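A structural walkthrough
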Amino acid sequence: MTAITFDEAFFSEAWIRDPVEPLALLQEQGSVHFSEQMKAWVVLGWEDSRAVLKSRAIGQGDRLAGYTMNLPAEDRAQLHPISEYMDRAISFLDPPEHTPERAAAAQVLDAGLGRRIEPHMRQTLAHRLDELATRDSFDATEDFALPVTVSMISSILGIRYEDRAHFVEWVERVFAYIGSPMDDPVFAEDCKDAYQSIGAYVGELFAEARAADDPEPSTLIGMFAARGEKYGLTERDIMGMTVGMVQGGFETTTTLISNTIAMLLADPDQRALVDTSPELVPSGIEEVLRLAPSLKMDARQANADVELSDATLRGGDTVVAILIAANRDPSVFARPHHFDVTRQPNPHLSFGFGTHFCLGAPLARMQARMAIEELFARFPDMRLATDELVWRPSALLRRRESVPVLTRG
Ligand code: HEM
């Protein structure tokens, strides 16, 4: 392959579905590059990516501006901000504003949550698997991973499961735009519209939770409705955080479960290892996260001048850690492109790093482990219905278009 720019490797029609090969070549030429498309520094090396995510000189800045930055000027004025709540979403705040939101979210998503929701998770899985057992084939994403994770996030946040068709569609529309070059005003308007629908819906759920006045609320919306002020959060903070969690809480986990099924079914040796030693499922899931991070990248803005490998970032510059490249850095991971369910240690960056490390990571890991264990136990003869699994053309989500499987021998 001849020399290639980051934008060709990441956004061109040839590579947008699967940029792994050109990114590995680009990484040989250096860790830090510039993307004209994102008007940002892009970081491919693991060490530099980790530094970007943990440095105090680099923060969230005005990242929401990036959502409309590539639009024609006349549309930008009308479409910014793309969401009236996201500037208060936890992921977009720097300390000290970030600190109380993170503390509140951490209390709700605490370690005990996994234990509390495990029976619900088992029941959801059993129902889903009973239904799938009546068929010879299904799509492991749409028919399994998605309904299972949507059911879980609904019960954790306090969303009505029967409304899933709506919020799944809104979130898909948001991801479709933010996984695109973000330069098409029609697409941007659709994303703004979807954010408005999520906001209006979450607002409705909060009003209902307040009216219900439950003294022992068990859902995130119920807890924040009852005790939001106790955490020192404003109405807008709570809305921003909840809209952010609706957006981030199930697509990522659906993607992880779907990728794990696809990768194990495509690799008989690794699948045999997991079949004979089910205790390898957790390290297998970490390996899927490393090779196929649900989110391919994580963006930041420099607060001041920062030196990074061979580049000097100026205050205000945007810098993006390309997780899908950092997780395959050959200086950190032996045989970086090899799928190895026994890999230990596995310091991938797919849940981020530092101040914003994913608060849902224990939950996502637990959901993925249970889903994989129960699916493979129920369908020991399961296999892929095609050798041609196609990645979505998204710059953000590392997700297959579909994962069709056959369940009988
Ligand atoms: C496989 C599944 C998941 C992946 C790959 C993932 C990935 C990430 C990443 C990369 C970040 C860091 C963002 C940044 O650096 O700006 C993050 C933050 C976050 N995630 Fe997840 N996530 C997953 C599942 C979940 C779930 C299930 C929840 C909650 C129900 C959740 C809640 C959060 C929250 C609240 C933050 C913000 C933390 C902060 O800014 O302090 N995530 N996630």
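Going by the structure above, here's the rest.
The rules we used
Residues numbered from 1 in each chain as written. Predicted model: local features only at pLDDT ≥ 70, side-chain atom pairs only at ≥ 80, totals over all residues. Heavy atoms only, no water. Helix = DSSP H or I, 4+ residues; strand = E, 2+ residues; numbered from the N terminus. Buried < 20%, exposed > 50% of the residue type's maximum accessible area, 1.4 Å probe, protein only. Contact = heavy atoms within 4.5 Å. Pairing = 2+ DSSP bridges. Axes fitted to C-alpha atoms, helices over the stretch in contact; angles between N-to-C directions. Donors = N, O, S within 2.8 Å, 3.2 Å for Na, K, Ca; no water. Parallel < 35°, antiparallel > 145°, perpendicular 65-115°, else oblique. Left-handed = near helix turned anticlockwise from the far one by under 90°. Nonpolar A, V, L, I, M, F, W, Y, C, P; charged D, E, K, R; others polar. Near = heavy atom within 4 Å. Polar contact = N/O pair within 3.5 Å; in protein donor to acceptor, adjacent residues only side chain to side chain. Core = buried A, V, L, I, M, F, W, Y, C linked by side-chain atoms within 4.5 Å. Salt bridge = Lys/Arg side-chain N within 4 Å of Asp/Glu carboxyl O. Phe/Tyr/Trp six-rings, centres within 6.5 Å; stacked < 30°, edge-to-face > 60°.

**Topic: the overall build of the protein**
Within the protein, the regular secondary structure consists of 16 helices and ten strands. With the principal axes as the frame, the protein shows a C-alpha extent of 60 × 55 × 40 Å. The 409 residues of the protein split such that 55% are buried. At a minimum sequence separation of 6, the contacts of the protein that also span at least 24 residues come to 71%.

**Looking at the sheet that holds strand β1 (residues 32-35)**
With mixed pairing, five strands are arranged side by side in an open sheet as β1-β2-β8-β5-β3. Lying at the two open borders of the sheet, with one neighbouring strand each, are β1 and β3 (58-59). Bridging between strand β5 (residues 297-302) and strand β8 (residues 318-322) involves five bridges; their strand directions are antiparallel. Among the inter-strand pairings, aspartate 298 is bridged to a residue of β8, identified as alanine 321. Across the face of the sheet, helix α3 (residues 46-54) comes into contact with β1, β2 (40-43), β3, β5 and β8 while running at roughly 130° to β8.

**What about the coordination of the iron atom of the ligand?**
There is one protein donor for the iron atom of the ligand, namely Cys358 (SG), at 2.3 Å. As for its placement among the helices and strands, cysteine 358 is situated in the loop between α15 (323-326) and α16 (361-378).

**Concerning the packing of helix α7 (residues 140-157) against helix α12 (residues 251-266)**
For the pair α7 and α12, the least separation of the axes is 9 Å and the interaxial angle reads 140°. Put simply, α7 runs oblique to α12. α12 is crossed by α7, and the crossing has right-handed handedness. Only Thr253, Thr254, Ile257, Ser258 and Ile261 of α12 make contact with α7, whose side of the interface consists of Ala140, Thr141, Phe144, Ala145, Leu146 and Thr149. In the contact of α7 with α12, the residues fall into six nonpolar, five polar and no charged.

**Focus: the pairing of β2**
Side chains Ala40 and Val42 project from β2 onto one buried face, and the interleaved Trp41 and Val43 project onto a second face that is buried too. With four bridges joining them, β1 and β2 adopt antiparallel strand pairing. Across the sheet, the residue bridging to valine 32 is valine 43, located in β2. Between β1 and the antiparallel strand that follows it, β2, lie four residues; lysine 39 among them carries a positive phi value of about 50°. Direction of pairing for β2 relative to β8: parallel, over a ladder of three bridges. Within β8, the residue paired with valine 43 across the bridge is alanine 321.

**Some thoughts on the site of the ligand**
Within the structure, the ligand sits among 27 residues, and His98, Arg102, Asp298, His356 and Cys358 are positioned closest to it. Arginine 102 is positioned such that a nitrogen or oxygen atom in its side chain is 2.6 Å from an oxygen atom of the ligand. Contact distances for the ligand include 2.6 Å between an oxygen atom and a side-chain N or O atom of histidine 356. Mapped onto the shell around the ligand, the elements with two or more residues apiece are α5 (98-108), α11 (235-248), α12, β5 and α16. Broken down by element, the shell around the ligand gets its largest block of residues, three residues, from α12. The residue inventory of the shell around the ligand, partitioned by class, reads ten nonpolar, 13 polar and four charged.

**Comments concerning the nonpolar core**
A general trend in soluble globular proteins is that nonpolar side chains are found buried together. Ranked by size, the top nonpolar core spans 120 residues in total, and within it Phe6, Phe144, Ile261 and Ile322 carry the most contacts. Other than its neighbours up to four places away in sequence, isoleucine 322 contacts Phe6, Phe10, Leu23, Val42, Val43, Leu44, Ser49, Lys296 and Met297.

**Concerning the environment of methionine 239**
Mapped onto the elements of the fold, methionine 239 is located in helix α11. When its relative accessible area of 6% is taken as the criterion, methionine 239 is described as buried. For the pair formed by methionine 239 and aspartate 387, sequence separation is 148 residues and the distance between their alpha carbons is 43 Å. Residues within four places of methionine 239 in sequence aside, it is in contact with Tyr85, Gly199, Val202, Gly203 and Phe206.

**Let's talk about the pattern of salt bridges**
For the structure on display, the rule yields 29 salt bridges. The partner of glutamate 47 in a salt bridge is arginine 50, with the nearest N and O atoms 3.5 Å apart. Here glutamate 47 pairs with arginine 50, and both are found in helix α3, just three residues apart, close to one helical turn. Relative accessible area serves as the criterion here: at 21%, arginine 50 is assigned to the partly exposed category.

**Details of the packing of aromatic side chains**
Overall, the coordinates contain eleven aromatic pairs when judged by the stated rule. For the ring pair phenylalanine 10 and phenylalanine 11, a centre distance of 5.3 Å and an interplane angle of 85° mean the geometry is edge-to-face. A relative accessible area of 1% places phenylalanine 10 in the buried class. Taken together, a centroid distance of 6.0 Å and an interplanar angle of 75° make the contact between tyrosine 177 and phenylalanine 187 edge-to-face. With tyrosine 177 in helix α8 (residues 164-178) and phenylalanine 187 in helix α9 (residues 185-212), the pair connects residues that are ten residues apart, well separated along the chain. Its relative accessible area of 32% is what places phenylalanine 187 among the partly exposed residues.

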